Amino acid sequence: MILALVGNQNCGKTTLFNAITGSNQHVGNFPGVTVEQKIGVVKGHPNCSVVDLPGIYSLRPYSQEERVTRDFILNEKPDGVINIVDATNIERNLYLTLQLLELHIPTVIALNMMDELRGNGGSVNISAMSHALGVPVVPISAIKNEGVADLMDTADDISRRRERPRVTDFCPYGAVHRCVHSVMMLTEHRALAADLPPRFCATWLIEGGDMADKLSLSANERQLIELSVTEMEREIGLNRNAALADMRYNFIEQLCRDTVVKCTESRERHRSVKIDSVLTNKYLAIPIFICIMMLIFYLTFSVIGSALSKLLGAAIAQLASFCDRLMTDSGVNSVIHSLVIDGIFAGVGSVLSFLPIIMVLFFFLSILEDTGYMARIAFVMDKPLRKIGLSGSSFVPMLIGLGCSVPAVMATRTLSGSRERKLTVMLIPYISCSAKIPIYTVFCAAFFGRYQVAVMALLYAGGILLGVMTASLLSKTVFSGRPVPFMMELPNYRLPSARSVVMLMREKARDFLQRAFTVIFMAAVIIWFLRSFDIHLNVVTDSRDSILALIGRAVAPIFAPLGFGDWRVATSLISGFTAKEAVISTLSVLTGVSIDQLPTGLSALFTPQSAAAFLAFTLLYTPCVAAVATIRRELNSTQKTVGIVIMQCAVAWLVSFAVYRVGALIL
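Residue positions are given per chain, counted from 1 along the sequence in the order it is written. Reporting in this predicted model follows two pLDDT cut-offs: at least 70 for local features of residues, and 80 or more for side-chain atom pairs to be given and counted; totals over whole chains, interfaces and linings ignore these cut-offs and use all residues. Excluded from the side-chain calculation are hydrogens and water; included are all heavy atoms of the structure.

Visitor: Quick one: what's the story with a positive patch on the surface, residue by residue and with numbers?
Guide: Candidate patch residues must exceed 30% relative accessible area and have no salt bridge, after which like charges are joined if within 9 Å and Val, Leu, Ile, Met, Phe, Trp or Tyr side chains if within 5 Å. Computed with the Shrake-Rupley method and a 1.4 Å probe, the accessible areas treat only the protein chains shown as cover for residues. Salt bridge, as applied in this entry: a Lys or Arg side-chain nitrogen positioned within 4 Å of an Asp or Glu carboxyl oxygen. Residues scored as positive are Lys and Arg, those scored as negative are Asp and Glu, and His as well as the terminal groups of each chain are ignored. The location of each charge is read from NZ of Lys, CZ of Arg, CG of Asp or CD of Glu. Taken together, the side chains of Lys 43, Arg 499, Arg 506 and Arg 510 define a basic patch exposed on the protein surface. Strands here mean DSSP runs of E at least two residues long; helices mean DSSP runs of H or I at least four residues long; both are numbered from the N terminus. Among the structural elements, Arg 510 can be located in helix 23 (residues 498-516). Overall, Arg 510 belongs to the partly exposed group, its relative accessible area being 44%. Burial classification: accessible surface area is computed with a 1.4 Å probe over protein chains only, and a residue below 20% of its type maximum counts as buried, one above 50% as exposed, and the rest as partly exposed.

See below:
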């Protein structure tokens, strides 16, 4: 049995999904966290699965994520629907509920955040609401796991008995009622033949949706529908969409008057308004955000994360030394010995030591997200982003890009406009993902000493600035047009959840370790093999005679004008296409030094100005192969994806060249 979990954005769907399934999906205190459907088996109900769908406000889709939800319900035909409703904002949430009831699928309403409603003096007459809507209503608090077991028992029961909603007609007698029922009678046979609910098809046709082609309506039938709609609009003085929305909201308002005692302004809301008077202030918002991010960078790269990274690096070096001695004493074959020590330990070990830095960074970012501050930044950034043809909604994928470009590109599905989605997808690769942290950390420590935090912040800011400039240029040429209106619900500020923070850190650590022991492991082994053998597969004593040197020398001239024309550097950039962490692991393998000595070893390959140029290039050149594949899937165009890769490499080369030349003049 399959149950669909459906509700508005930020109403607690993923929290409920985790409570139901025992899963550990990421939960965020801002809209748009879920962009793909996730499925899990219900605890205590082994033959029942639940699907967590992206948050939507209406079944009439405006964005890609809304289409994911709508299409799943219509095409996959789940056995039941769990409609999660925010009890503190019932009127807005019930609009989607009425549309779901028209689908005539067994449905149960999960009235979430009841603890918050009761805590602020509100209440709901559950039995009266259930009777008025014709479906079971179960009060719950997903975050406290209250009422979740009752909810699942109810959902399981009504789905197995195929108990459909008893109420699907929400319009009183009048023009809207006549229009809906005349269209329903006209198209009922077509809807049933297509295995679709007649009333849902009728309202969708009236709203101007694409249902006419799906039902294969004749020209005469389409004309009769338009006549009915025109008559309704003339009689009530509203257009088709406003008329149906008015009908639904009239029903909802009456229902709430009869069943809901509204709470006074909550303590959380009052506190949020006071905090927002400072954090979203017209003049203070952006400076405060910059100061917060600078503090996070300082603590991550110069204090906490750096210290923990050195400890882990020393531990890995001790382990490598122990294995080296053990293999030497045991008389292990020299080639195998070299593979383990010079290949695996030098490659994978050099990357693993940066795990603490990544975890510390996402500890702080998770706190910002969990409190609700990230949603405010999207709101604050709406005005400046509009100047480059985007809206504040594009800022959420950009923030996700600080972690990884793959989910960031996928998060553009939350954007309603095709033009805005494409622009944001092209901008995201300029955002520094966590995979580049090892590169920044090693080079900043090696060449910029006490200025390393400032250089690190400059790299992040520089990537965003270049992305903004590129988006601005494209919005005035290839993607000319106006950004769509921006609407985002600002959640109340909340204390960070320890579980949520730990989950995000664990998720990032798991992703990092998976890459370290899969992609980076394979890259390290391949680099070691190419470095250790010549084209006749003979073991070389000098890596300059290896296959890798041959490949590197062919590519190196491209980078010579940038100050890093050594074949080893060129090779590391090529390996970075598999995963950006592989740049450091490759340099460690090729220079033959451990990670703690790598900053010293790099001085033979770079000067301070060429190191700055190298950082600029790694900041801007093409993202990893996984991100490129995701861009290809989201844009559905190989040609555009190749264009993005070429454009990024060209921009990276030009900026790196400029940095090198300016640095040479200064130094």
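Having seen it, we continue.
Visitor: Go over the pairing of strand 4 (residues 80-86), please, and point to the residues and values.
Guide: Counting buried positions along strand 4 gives seven out of seven residues, so the element sits mostly inside the fold. Going residue by residue along strand 4, you find Gly 80, Ile 82, Ile 84 and Asp 86 tucked away on one face and Val 81, Asn 83 and Val 85 tucked away on the opposite face as well. Note that strand 1 (residues 2-7) and strand 4 share five bridges and pair parallel. Bridging from a neighbouring strand, Ala 4 pairs with Val 81 of strand 4. Where strand 4 lies against strand 5 (residues 107-112), six bridges are found, and the strand directions are parallel. Within strand 5, the residue paired with Val 81 across the bridge is Thr 107. In the classification by handedness, the crossover that spans strand 4, the intervening helix 3 (residues 90-102) and the parallel strand 5 is right-handed. Two strands pair under a simple rule: DSSP has to find at least two bridges between them. With the strands aimed away from the viewer, a crossover counts as right-handed if its path from the first strand over the helix to the second runs clockwise.

Visitor: Just give me the short version of the state of the cysteines, but keep the residues and values in it.
Guide: Sulfur atoms of two cysteines make up a disulfide when they are within 2.5 Å. The final tally for this structure, using the stated rule, is zero disulfides. For the unlinked cysteine Cys 649, the closest cysteine sulfur is that of Cys 624, found at 13 Å. The partly exposed category is assigned to Cys 649, whose relative accessible area is 27%.

Visitor: Give me the packing of aromatic side chains: which residues, what numbers.
Guide: By convention, a stacked pair of Phe, Tyr or Trp rings (six-membered ring in the case of Trp) has centres within 6.5 Å and planes under 30 degrees apart, an edge-to-face pair has planes over 60 apart, and any other such pair is tilted. Considering all chains together, one arrives at 21 aromatic pairs under this definition. Relative to Phe 564, the ring of Phe 559 has its centre 5.8 Å away and its plane inclined at 25 degrees; by these criteria the two rings are stacked. The burial state of Phe 559 is the same as that of Phe 564; both residues are buried. Ring-pair connections join several aromatic residues into one group, and the members of that group are Phe 443, Phe 447, Phe 559, Phe 564, Phe 606, Phe 614, Phe 617 and Tyr 621. For a ring to carry a charge above it, either NZ of a lysine or CZ of an arginine must fall within 6 Å of the ring centroid while also lying within 35 degrees of the normal to the ring plane. The ring of Tyr 493 carries the charged tip of Arg 376 above its face, separated from the ring centre by 4.1 Å. Positioned over the ring face of Tyr 621 is Lys 580, at 4.5 Å from the centre of the ring.

Visitor: Describe unusual backbone geometry, and please don't skip the residues or the numbers.
Guide: A negative phi angle is the norm for most residues apart from glycine, just as the trans form is the norm for most peptide bonds. Residue Asp 195 is not a glycine yet carries a positive backbone phi of 60 degrees. Mapped onto the elements of the fold, Asp 195 is located in the loop between helix 7 (175-193) and helix 8 (198-206). A residue is classified by how much of its surface remains accessible, and Asp 195, at 51% relative accessible area, is exposed. We note that Asn 636 has phi near 55 degrees; this positive angle belongs to a residue other than glycine. By the secondary structure assignment, Asn 636 is in the loop between helix 30 (625-635) and helix 31 (638-666). Residue Asn 636 is classed as exposed on the basis of its relative accessible area of 62%.

Visitor: Break down empty space enclosed by the protein for me, with residues and values.
Guide: A cavity, in this analysis, means grid points on a 1 Å lattice covering only the protein atoms where a 1.4 Å probe fits yet has no way out; a pocket is instead an open set bounded by protein on both sides within 12 Å along at least five of seven lines, and a residue lines either one if it has an atom within 4 Å of a point. Grid points are joined across faces, edges and corners, and a volume is the space filled by probe spheres set on the points. Under the definition given, this model contains one cavity of 30 Å³ or more. Estimated volume of the largest cavity: approximately 60 Å³. As for the largest cavity, its lining consists of Leu 59, Arg 60, Gln 99, Glu 102, Phe 200, Thr 203, Trp 204, Glu 207 and Arg 248. Tallying contributions element by element places helix 8 first for the lining of the largest cavity, with three residues. Ten residue types, Ala, Val, Leu, Ile, Met, Phe, Trp, Tyr, Cys and Pro, are classed as nonpolar, four, Asp, Glu, Lys and Arg, as charged, and the remainder, Gly among them, as polar. For the lining of the largest cavity, the per-class residue count stands at three nonpolar, two polar and four charged.

Visitor: Which residues make up the pattern of salt bridges, and what values do they have?
Guide: All chains considered together, the criterion is met by 21 salt bridges. Notably, a salt bridge pairs Asp 71 with Arg 70, separated by 2.8 Å at the nearest N-O pair. Take Asp 71: its relative accessible area is 30%, and that puts it in the partly exposed class. By relative accessible area, which is 9% here, Arg 70 ends up buried. Close ionic contact of Lys 262 with Glu 91 constitutes a salt bridge, the shortest N to O distance being 2.8 Å. Of the two residues, Lys 262 is situated in the loop between strand 8 (260-261) and helix 12 (267-279) and Glu 91 in helix 3; the sequence distance between them amounts to 171 residues. On the accessibility criterion, Glu 91 (25% relative accessible area) is partly exposed.

Visitor: Just give me the short version of the sheet that holds strand 2 (residues 38-42), but keep the residues and values in it.
Guide: Spatially, 2-3-1-4-5-7 is the arrangement adopted by the six strands of the open sheet, whose pairing is mixed. Only two strands of the sheet have a single neighbouring strand rather than two, namely strand 2 and strand 7 (137-139). With direction set aside, neighbouring strand axes in the sheet form an average angle of 25 degrees. Pairing analysis gives five bridges linking strand 2 to strand 3 (residues 45-52), with the strands arranged antiparallel. Opposite Val 42, over in strand 3, you have His 45 as the bridge partner. The sheet strands contacting helix 6 (residues 148-160) are strand 1, strand 2, strand 3, strand 4, strand 5 and strand 7, and the helix crosses strand 5 at an angle near 165 degrees. Angles shown run from 0 to 180 degrees and are taken between the N-to-C directions of axes, each axis being a line fitted to C-alpha atoms and, for helices, limited to the stretch in contact. Any two residues whose heavy atoms approach within 4.5 Å at even a single point are treated as in contact.

Visitor: Talk me through a nonpolar patch on the surface; I want residue IDs and the actual numbers.
Guide: A surface patch of nonpolar side chains, about 540 Å² in accessible area, is lined by Leu 295, Tyr 298, Val 303, Ile 304, Leu 308 and Leu 311. With a relative accessible area of 40%, Leu 308 lands in the partly exposed category.

Visitor: Could you give an account of the side chain of Glu 581, naming the residues involved and the relevant values?
Guide: Tracing the backbone through its elements, the reader meets Glu 581 in the loop between helix 26 (567-575) and helix 27 (582-591). If near-sequence neighbours (up to four positions away) are discounted, Glu 581 is found in contact with Val 351, Ala 435, Pro 438, Phe 512, Arg 515 and Ile 520.

Visitor: Let's hear about the nonpolar core: which residues, and what values?
Guide: Throughout this description, the term nonpolar core refers to a set of buried Ala, Val, Leu, Ile, Met, Phe, Trp, Tyr and Cys residues connected via side-chain atoms within 4.5 Å. Core analysis: the largest hydrophobic core is formed by 89 residues, its most contacted members being Phe 395, Phe 443, Tyr 460, Phe 564, Phe 606, Phe 614 and Leu 615. If we ignore the near neighbours within four places in the chain, the residues touching Phe 395 are Phe 289, Ile 377, Ala 378, Met 381 and Leu 385. Leu 98, Val 124, Met 211 and Ile 225 belong to the second largest nonpolar core, which has 61 residues in total.

Visitor: Mind laying out helix 14 (residues 334-352), listing which residues take part and the relevant values?
Guide: In this analysis the local bend is the angle between axes fitted, respectively, to the seven residues ending at and the seven residues starting at the residue. Maximum bend of helix 14: about 40 degrees, positioned at Phe 345. Listed as buried for helix 14 are His 337, Ser 338, Ile 341, Gly 343, Phe 345, Ala 346, Gly 347, Val 348, Gly 349, Ser 350, Val 351 and Leu 352. At its buried positions, helix 14 is contacted by helix 13 (285-330), helix 15 (355-371), helix 23, helix 24 (519-532) and helix 27.

Visitor: Can you tell me about the pairing of strand 5, naming the residues and giving the values?
Guide: Counted residue by residue, strand 5 has six buried out of six residues, so it is predominantly covered. Judged by which residues are buried, strand 5 turns out to be covered on both faces: Thr 107, Ile 109 and Leu 111 on one side and Val 108, Ala 110 and Asn 112 on the other are all buried. Of the pairings in the sheet, the one linking strand 5 to strand 7 comprises three bridges and is parallel in character. In the strand pairing of strand 7, Leu 111 is matched with Pro 139.

Visitor: Help me get a handle on the environment of Phe 521, residues and values and all.
Guide: With respect to the secondary-structure elements, Phe 521 resides in helix 24. Spatially, the C-alpha atoms of Phe 521 and Ala 582 are 8.9 Å apart, while their sequence positions differ by 61 residues. The residues contacting Phe 521, other than those within four sequence positions of it, are Ile 344, Val 348, Arg 515 and Ala 516.

Visitor: Summarise the environment of Asp 246; cite the residues concerned and give the values.
Guide: Inspection of the secondary structure puts Asp 246 in helix 11 (residues 240-259). Relative accessible area serves as the criterion here: at 36%, Asp 246 is assigned to the partly exposed category. Taking the C-alpha atoms as reference, Asp 246 lies 16 Å from Leu 59; in sequence the two are 187 residues apart.

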